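Examining the three-dimensional arrangement
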Amino acid sequence: MKIVLENLTKKYPNRNRKIREDVVAVDHFNFEIPDGQLVSLLGPSGCGKSTALNMICGLEKPTGGKIYFGDDDVTLLPPEKRGVGMVFQSYALYPHLTVRKNIMFPLENLKGSRKLSREEMNRKVEEAARLVQIDDLMDRRPNEMSGGQQQRVAIARALVKMPKVLLLDEPLSNLDARLRIQTREEIRRIQKKTGITTVFVTHDQEEAMSISDRMVVMKSGVLQQIGKPQDIYDSPDNLFVARFLGNPPINVFEGRIRDKVLFIGEDPVADHIEAADQKVYAGIRPEGFVLDENGPLVCRLKSLEVLGRDTSIVSAHDQMAGTQIRSIISAERAVDTTGRTVSFTVKPNKLFLFNHETEKRIPAEGMQAVRKG
Amino acid sequence: MDKKSWKGWLYLLPALIFLGVFMLYPMADVLVYSFEEGFNSASQSYSGTGLYNFSYVLHDPYFLQALKNTFILVIITVPVSTGMALLISALLCSIRKLREFFQTVFFLPYVTNTLAVGLVFMILFKKTPYSDGFVNRILHFFGGNTVDFIEGPYWAKMLVMCLYTIWIVMPFKILILTSAMASVNPDYYKAARVDGTSSLRIFWRITIPMISPMISYLVITGFIGAFKAYSDEVAIFGTNLNAAGMNTLVGYIYDMLYGDSGGYPSYASAAALILFAIVFTITVMNLMVRKKTNYLSEG
Amino acid sequence: MSKIKNERPTHQKSSAVSQGAGYDAAGRKAAGRGRLKKVIAGIGLSIWALIVLFPFYWMILTSVKSYGSYNSEYIPKLFTSSPTFENYISAFTQVPLARYFLNTVIFTVVTTALMLTVVVLAAFAFARLNFYGRDLMFTLFLALMMIPNELVIITNFVTITNWKMRNTYAGLILPSVLSVFYIYLLKENFEQVPDELYKAAKVDGTSDMKYLLKVLLPICRPTVITITILKVIECWNSYVWPRLITDDQNYFLVSNGIQEIRENGFGRENIPAMMAAVVVISVPLIILFLIFHRKIMAGVSRGGIKG
């Protein structure tokens, strides 16, 4: 089932009554989620991603715009008529019901021609439980299970009706780190197996990158960028997206384009830039640094962290917009720690330029790294 | 109004009907009654409006007797029962074995019919030509004079009254105080013990201040409860409380409304408003007390 | 500050003793003191337990003494060698005790059931439904919690009389149904149930009523049980309103019945029979209490602390 959002908008009256202006939680969203894909809504807390999800679900009514499931306009339909399943951050399992009863609950609400016989219900419950591998816990109550198990039950409950759309609201944030990775693989497996169009809300970029077919990056109600995780990472549309994706985060420098050359401080770092002279932010991914004695970017060495597979160099530079530079170098390269400074050249495909005012990306296709000498 | 609003009001409707008919309307009505002079129940007519009803009630010797009885009851039973409940709760908290057994036993009076047990008290204290009664036998054993506590002198009747009231109100107080004491963070006690503080000192310096919001809450609800005393008195002295000289404010209201003095709703309303003024003052005090910080986690 | 300083020397002294050669002796002494304290506490508590239990013992004892033997005891005996059940027979035959009993059961069950319906619906509306004027209404409800029953009972008496409902079950029950405090208690509890459960139920296509019955009430069962028990106790012991509104013995509740028995029943002096009636009336609640004592006490303390 394809999902189409058309100018979707949600405004709330301001909590502070003195301010008349409404708070815009979701601002004119336009995008399409292709059938059978898993799409993440990614953004910091308060960016409107949960509101968007609630509107897709039908728990909240939009103040403007339309939502289509396939060709049907579902904007005004209540959740139960949309054929959606939802998994909540706190799982929202009914504490007084056993696992079996919890999963069966949505089926018992079906009315009229869709009503199921007891046997059918039991069969569907078993099926859903097997899918998430909890079929041996059916008679437990939620408080007798671990967080991961509760999460599986919540997913089974959302899936038992065979919804056309599955919605997941921060489903992993209550789990510990190891379980989180395990469960997200599990969600991916289940989604692939069932082929249900899935919308996944998270604030964790790593989670979103690892699980999604596509990502929707949001900030304060405004859509920033849509695309495949790798595409967004490799080609962020603006400084916010560049900063939000990637761990360790991107290193941002104050820079200037002069005669098609990027200067950081007084050092030319890259040239062949087809853009007008201007002040810019230059973002360099940690893996975009190459140790090079003749590199133009000379930084004060602060510390070295050996991580096994690679080495992380922490250094500083006067034009750095943050506090410190973190660069990741393959561990095979020996780093001279005796010196006070390290010098880098920059991989052009890991270097992004952003307009200093608008923070929008400045296209620089043929950019090349500069070496001294 | 949209559909959602209708739904909310629909769920509220039964409560609103009961509230309107049996609380809001009567409140307005009681005000009207209290100012209607010379109201006649039979003809539903009255001769004028004014403060005469209040003046009548305040000069009625029965009312003054009831007021006096109620005040004595309040002043004796509230401090005594609270103090005893504190002591018993502290003792309860100091033992582990049999604690639940004692707690259960102490709570028993709460679930008994006060009219029924009052009758037992009456028998225990009564002196008849055939028997001195149990309490008098004990007094006699210790060399005291026997006295009829039920139909004898005023102080004796008052004593029984207070004893029975205390017996009735203790369970609630013990329960609240024990659970308050149990919810004091044990780290305080540990800290005090590490400093070598004696148990008595711990009780006065830590336990009491910690549970003081609960104590003041109990004192104030105790006041309100004692001001509304009535059925305990009936249980011991019978329905004709005026004759026994043991009437209370609430008893006076009911007697005025329906009973031996028969059918004066205006006087009853005036007396009820006076009672309400007293209770209301205490309730407002209660609210002010509850605004204070509460040390207990349950709050 | 000075008090803390005063405390120090004693502390050091006692620790010095316990560290010294007499460690075992001191320990034993401390343990002995602890045991002594426990014994004193036990004695104190036992005395109060005796005071609490004695009236119950006395009523059971008296109820099994025969009329003749009771009246011949100038000095009441603390036990009886020849218990008899004839008083219980006369309690049920000479006065309409069974009738009082039945009336009270009907009154208690119907009032409690109606109260639960009204209270649950109202609490749900306040806790979960959004409607125009909700906050204002709730404030009004809270304000009404301060109104003592004595204030409104006068008009209610007139109302019920005008409706020709004196000496009817309806007249007994209707004004006793509403308890604003329980609405408040239940609303608070409903609000503690996470929002997400409501949303989940909505996604599953659950109606508000079904959510209330199938999810909210089972989750809040402890509170529902609490208010049920409190109401049952209140109904079983209710005296004032029934006394006002009934003068036909066929509609007396147990409390009024016991008063009637005392004043006009067996003849004023048949105290054993009276006590038999008292026992019969007290037993149902005591049995209920002995079965559910943990729940009842937890409920009363919760209701009391929040109230």
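Since the structure is predicted, the reported quantities are computational estimates derived from the model, not experimental observations.

The next point concerns the interface of chain B and chain C. With 77 residues of chain B at the interface, the matching set in chain C holds 76 residues. Partitioning the side of chain B that touches chain C into residue classes produces 54 nonpolar, 16 polar and seven charged.

Turning next to the sheet that holds strand 21 (residues 368-369) of chain A. Residues and elements named next belong to chain A. Spatial ordering of the open sheet is given by 20-14-11-12-13-21, a layout of six strands whose pairing is antiparallel. Both outer strands of the open sheet, strand 20 (351-355) and strand 21, are each paired with one neighbouring strand and no more. The sheet contact formed by strand 14 (residues 278-284) and strand 20 spans five bridges and is antiparallel. Paired with Ala282 across the two strands is Leu353, which belongs to strand 20.

Contacts between chain C and chain A engage 13 residues on the former and 16 residues on the latter. For the side of chain C that touches chain A, the elements supplying multiple residues, two or more each, are helix 10 (195-203) and helix 11 (208-219) of chain C. With six residues, helix 10 of chain C is the largest single contributor of residues to the side of chain C that touches chain A. Taken together, the residues of the side of chain C that touches chain A break down into seven nonpolar, two polar and four charged.

Attention now moves to helix 5 (residues 114-125) of chain B. Note that an α-helix has 3.6 residues per turn; residues three or four places apart therefore point the same way. Residues and elements named next belong to chain B. The terminal C-alpha atoms of helix 5 lie 16 Å apart, and with twelve residues this matches the ideal 16 Å at 1.5 Å per residue to within 8%. Burial of helix 5 is extensive: twelve of the twelve residues sit out of reach of the surface. All of the buried residues along helix 5 are Thr114, Leu115, Ala116, Val117, Gly118, Leu119, Val120, Phe121, Met122, Ile123, Leu124 and Phe125.

So, on to the nonpolar core. The biggest cluster of nonpolar side chains holds 271 residues, and the ones touching the most others in it are Ile253 and Ala271 of chain B together with Ala277 and Val278 of chain C. Two domains share this core, each providing at least three of its residues, namely domain 1 (3-239) and domain 2 (249-369) of chain A. If we skip the residues at most four places from it in the chain, Ile253 of chain B touches Ala268, Ala271, Ala272 and Leu275 of chain B together with Glu150 of chain C.

Here we take up the domain arrangement of chain A. By convention, interface size is frequently given as the accessible area that disappears when the constituent parts associate. All names here are of chain A. Taken domain by domain, chain A comprises domain 1 (3-239) and domain 2 (249-369). Taking the mean C-alpha position of each, domain 1 and domain 2 sit 39 Å from one another. Residue-level contacts link four residues of domain 1 with seven residues of domain 2. Class assignment of the residues belonging to the side of domain 1 that touches domain 2 gives a composition of two nonpolar, one polar and one charged.

Another point: the pairing of strand 16 (residues 297-306) of chain A. Residue and element names in this part refer to chain A. Pairing between strand 16 and strand 19 (residues 341-346): four bridges, direction antiparallel. What sits directly across from Arg300, in strand 19, is Thr341. Taken together, the six bridges between strand 16 and strand 17 (residues 310-316) define a ladder with antiparallel strand orientation. Its bridge partner being in strand 17, Leu304 is matched across the sheet by Ile313. What sits between strand 16 and strand 17 in their antiparallel hairpin is a turn of three residues, with Gly308 showing a positive phi close to 95°.

Definitions and cut-offs
- Residues numbered from 1 in each chain as written.
- Chains lettered and ligands numbered in written order.
- Predicted model: local features only at pLDDT ≥ 70, side-chain atom pairs only at ≥ 80, totals over all residues.
- Contact = placed C-beta atoms within 7 Å.
- Nonpolar A, V, L, I, M, F, W, Y, C, P; charged D, E, K, R; others polar.
- Pairing = 2+ DSSP bridges.
- Helix = DSSP H or I, 4+ residues; strand = E, 2+ residues; numbered from the N terminus.
- Expected span 1.5 Å × (residues − 1).
- Buried ≥ 20, exposed ≤ 12 C-beta atoms within 10 Å, placed from the backbone.
- Core = buried A, V, L, I, M, F, W, Y, C linked by C-beta atoms within 7 Å.
- Domains from an automatic or database assignment.

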